[in-house]
Amino acid sequence: MAETPPSPSRSGLPLREAALGLALTATAGWIDAIGFLRLGGLYTSFMSGNTTQFAVALGQGEVAGALPVGGLLAAFAGGSVLGGLVKGAVPAHWVAALVLALEALLLGTGAALALASPDALPATLLLAFAMGAQNAALLQAAGFRAGATFVTGALSGFGQKLGLALAGRGPRWDWSGDGLVWAALLLGGAGGAAAYGQLALAALLPPAVLTAAMAIGLLTAALRRPAR
């Protein structure tokens, strides 16, 4: 009988947490696609691409063009700092809940600002800040990391683990978790682009609502935990 690929829970990460992390990665792809389309090639979570564009603008002496990209880099870094502060200040079982509550607030505010103002940059800075914070809620076990807002590492891990599996030197299905993370960002980005084509900036509302729902669920679970 052929071996079946493991569910995320079999790779060490509980199925509910894996689903949550993949949903967050898809949300990041959704928002990144909208930001890319709205800002003409800039990103809210793919900071490698923004760093390259920032470097090119500086190298060509285009200071005015470098400023918006630099703002996105600074906003993402600021969100990461906030996420790190939360992670270092509260018990571990509260981290994801509080980070996602903050992210939902930032995404909702960013969506409202985008709908109210013709200037795209202020709202996009809030979205980049939210994406930076999200990475503090990463869920990781056995090399499978869910919830990331970028997938370069996941795609690299997918390829290396698949190569080891094909060579008979690694677990047969160890690559599946990284593959799911990459697919989540891909599908989220495609969904965001399609939604933007139909709804314009109102397409930012679904990820804000979804993140708020996940935050409420995690907060509820964290509140119940001490009673067990």
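Keep in mind that this is a model prediction, so the values were computed, not measured.

The volume enclosed by the largest pocket comes to roughly 590 Å³. Breaking the lining of the largest pocket down by element, the ones donating at least two residues are α1 (15-39), α4 (92-116) and α8 (205-224). Sorting elements by how many residues they give to the lining of the largest pocket places α8 first, with six residues. For the lining of the largest pocket, the residue count by class is 14 nonpolar, two polar and five charged. Approximately 280 Å³ is the volume found for the second largest pocket. Looking at the lining of the second largest pocket, the elements that each hand over two or more residues are α1 and α7 (176-199). Each residue belonging to the lining of the second largest pocket can be placed in one class, and the counts come to eight nonpolar, four polar and one charged.

On inspection of all chains with the given rule, the structure shows one cavity of 30 Å³ or more. If you go around the largest cavity, the residues you meet are Ile31, Ile34, Gly35, Arg38, Ala114, Asp119, Ala120, Ala123, Thr124, Leu127, Leu201 and Leu204. Residue composition of the lining of the largest cavity, grouped by class: eight nonpolar, two polar and two charged.

Ranked by size, the top nonpolar core spans 26 residues in total, and within it Ile34, Leu107, Met131, Leu201 and Leu204 carry the most contacts. Elements represented by at least two residues in this core include exactly α1, α3 (63-89), α4, α5 (120-134) and α7. Per-element tally for this core: the top contributor is α7, with five residues. Setting aside residues no more than four positions away along its own chain, leucine 204 makes contact with Ile34, Ala111, Ala114 and Leu127. In this structure, Val86, Val95, Ala96 and Ala136 belong to the second largest nonpolar core, which totals six residues.

Looking now at the confidence of the model for the protein. Predicted confidence across the protein gives a mean pLDDT of 86, with 89% of residues reaching 70 or more. Long-range and interchain partners of residues 1-11, a stretch whose pLDDT sits below 50, account for 18 contacts in this model, where long-range means more than four residues apart.

A few words on unusual backbone geometry. Backbone phi values are negative for most residues with the exception of glycine, while trans is the configuration of most peptide bonds. Phi angles above zero are rare outside glycine, and alanine 200 is one such case at about 55°. Structurally, alanine 200 is set in the loop between α7 and α8. Since its relative accessible area comes to 39%, alanine 200 is described here as partly exposed.

Definitions and cut-offs
- Residues numbered from 1 in each chain as written.
- Predicted model: local features only at pLDDT ≥ 70, side-chain atom pairs only at ≥ 80, totals over all residues.
- Heavy atoms only, no water.
- 1 Å grid on protein atoms, 1.4 Å probe; cavity = no way out; pocket = protein on both sides within 12 Å on 5 of 7 lines; lining within 4 Å.
- Points joined across faces, edges and corners; volume = space filled by probe spheres on them.
- Helix = DSSP H or I, 4+ residues; strand = E, 2+ residues; numbered from the N terminus.
- Nonpolar A, V, L, I, M, F, W, Y, C, P; charged D, E, K, R; others polar.
- Core = buried A, V, L, I, M, F, W, Y, C linked by side-chain atoms within 4.5 Å.
- Buried < 20%, exposed > 50% of the residue type's maximum accessible area, 1.4 Å probe, protein only.
- Contact = heavy atoms within 4.5 Å.
- pLDDT = per-residue confidence, 0-100.

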